[in-house]
Amino acid sequence: MSTELPFFRCHPDPLATGAIRAATGTCVCCERDRGWIYTGPFYSAEEVSGHFCPWCIADGSAAERFAGEFSDSYGLEGVGEDVLQEVTRRTPGFRAWQDPHWLVHCGDAAAFVGEVGHARLAAHPEVLDQLRTLAGMGQDATAMLFRCTGCGTHLAYLDAS
């Protein structure tokens, strides 16, 4: 099993978020079993039966071959085309109850940290100020936490069922 996973600037720890996990199985793009599979969303007009390996996500071959995206461009206003392509076509996405969207800060896509609850957000008071509706956060609500790739500021949005 390969242990040297590709690095995703805008989703730096896909193992912690659950977007990538260790598993046997053949990648539907490269047709290799590399010991890791992607478990997140993929949006395509074509039905894709199977999983992608992280390497086919990182090099863009999965998105190109199946004419799809791992994330929607919603939320990525104001970034350059290269960043838009990086996030939507070469970065593992994440699942959310509502339409997931990527946050932007300092003119660049922020890095997705993960889905978090109130206790973890307490370490980031600047985020709590952004999410004034957190009082009801619990079983039917969570937050998607991001970190600016430039200045390190934490950002979040509330996701509820």
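Preceding block: the structure.
Here, residues in each chain are numbered from 1, in the same order as that chain's written sequence. Per-residue local features are limited, in this predicted model, to residues with pLDDT of at least 70; the limit for side-chain atom pairs, both in listing and counting, is 80 or more; totals at the level of whole chains, interfaces and linings are taken over all residues. The basis for every side-chain value is the complete set of heavy atoms in the structure, and neither hydrogens nor water enter the calculation.

**A few points about the sheet that holds strand β8 (residues 141-147)**
- Taken in spatial order, the 3 strands of this open sheet run β7-β8-β9, and their pairing is antiparallel. Pairing within the sheet leaves two strands with one partner each, and these edge strands are β7 (111-116) and β9 (154-160). Each strand of the sheet is rotated relative to its neighbour by a mean of 25 degrees, with strand direction disregarded.
- Of the pairings in the sheet, the one linking β8 to β9 comprises 7 bridges and is antiparallel in character. Considered in β9, the bridge of Met144 is made with Tyr157. At least two DSSP bridges between two strands are needed for those strands to be called paired. By definition, any uninterrupted DSSP run of H or I lasting at least four residues is a helix, any uninterrupted run of E lasting at least two residues is a strand, and each is numbered from the N terminus. Geometry is summarised by axes, namely lines fitted to C-alpha atoms with helices restricted to the contacting stretch, and by angles between N-to-C directions that run from 0 to 180 degrees.

**What about the nonpolar core?**
- By size, the foremost hydrophobic cluster in this structure holds 19 residues, and its most contacted members are Cys29, Tyr38, Phe52, Phe66 and Phe70.
- At the level of elements, β2 (36-38), α2 (54-58) and α3 (61-65) are the ones that each hand at least two residues to this core.
- Tallying contributions element by element places α2 first for this core, with 3 residues.
- Not counting chain neighbours up to four residues away, the residues in contact with Tyr38 comprise Ala19, Ile20, His51, Phe52, Ile57, Phe70, Pro92 and Gly93.
- In plain words, nonpolar cores are sets of buried Ala, Val, Leu, Ile, Met, Phe, Trp, Tyr and Cys residues tied together by side-chain atoms within 4.5 Å. Buried residues are those whose accessible area, probed at 1.4 Å on protein chains only, stays under 20% of the maximum for their type, while exposed residues exceed 50% and partly exposed ones sit between those limits. If you look at the next biggest cluster of nonpolar residues, it comprises 15 residues, including Cys10, Ala109, Phe146 and Tyr157. Here, two residues are considered to be in contact whenever any of their heavy atoms come within 4.5 Å of each other.

**Comments concerning the packing of aromatic side chains**
- Pairing of aromatic rings covers Phe, Tyr and Trp, the last through its six-membered ring, and needs centres within 6.5 Å; plane angles under 30 degrees mean stacked, over 60 mean edge-to-face, and all others mean tilted. If you walk through the whole model with that rule in mind, you get 12 aromatic pairs.
- When the centroid spacing of 5.4 Å and the interplanar angle of 55 degrees are considered together, the rings of Phe94 and Trp102 count as tilted. Here Phe94 and Trp102 have matching classes, each one buried.
- On the numbers, 6.2 Å between centres and 55 degrees between planes, the contact of Trp102 with Phe112 is tilted. Placement of the pair is Trp102 in the loop between α4 (81-90) and β5 (104-105) and Phe112 in strand β7, with a sequence separation of 10 residues. Across this residue pair, the class does not change: Trp102 and Phe112 are buried.

**A short note on unusual backbone geometry**
- Phi is positive for Glu31, close to 60 degrees, though the residue is something other than glycine.
- As for its placement among the helices and strands, Glu31 is situated in the loop between β1 (20-22) and β2.
- Under the relative-accessibility criterion, Glu31 is labelled exposed at 59%.
- A positive phi angle, near 45 degrees, is found at Ala67, a position not held by glycine.
- Residue position: Ala67 is located in the loop between α3 and β4 (68-69).
- By relative accessible area, which is 60% here, Ala67 ends up exposed.

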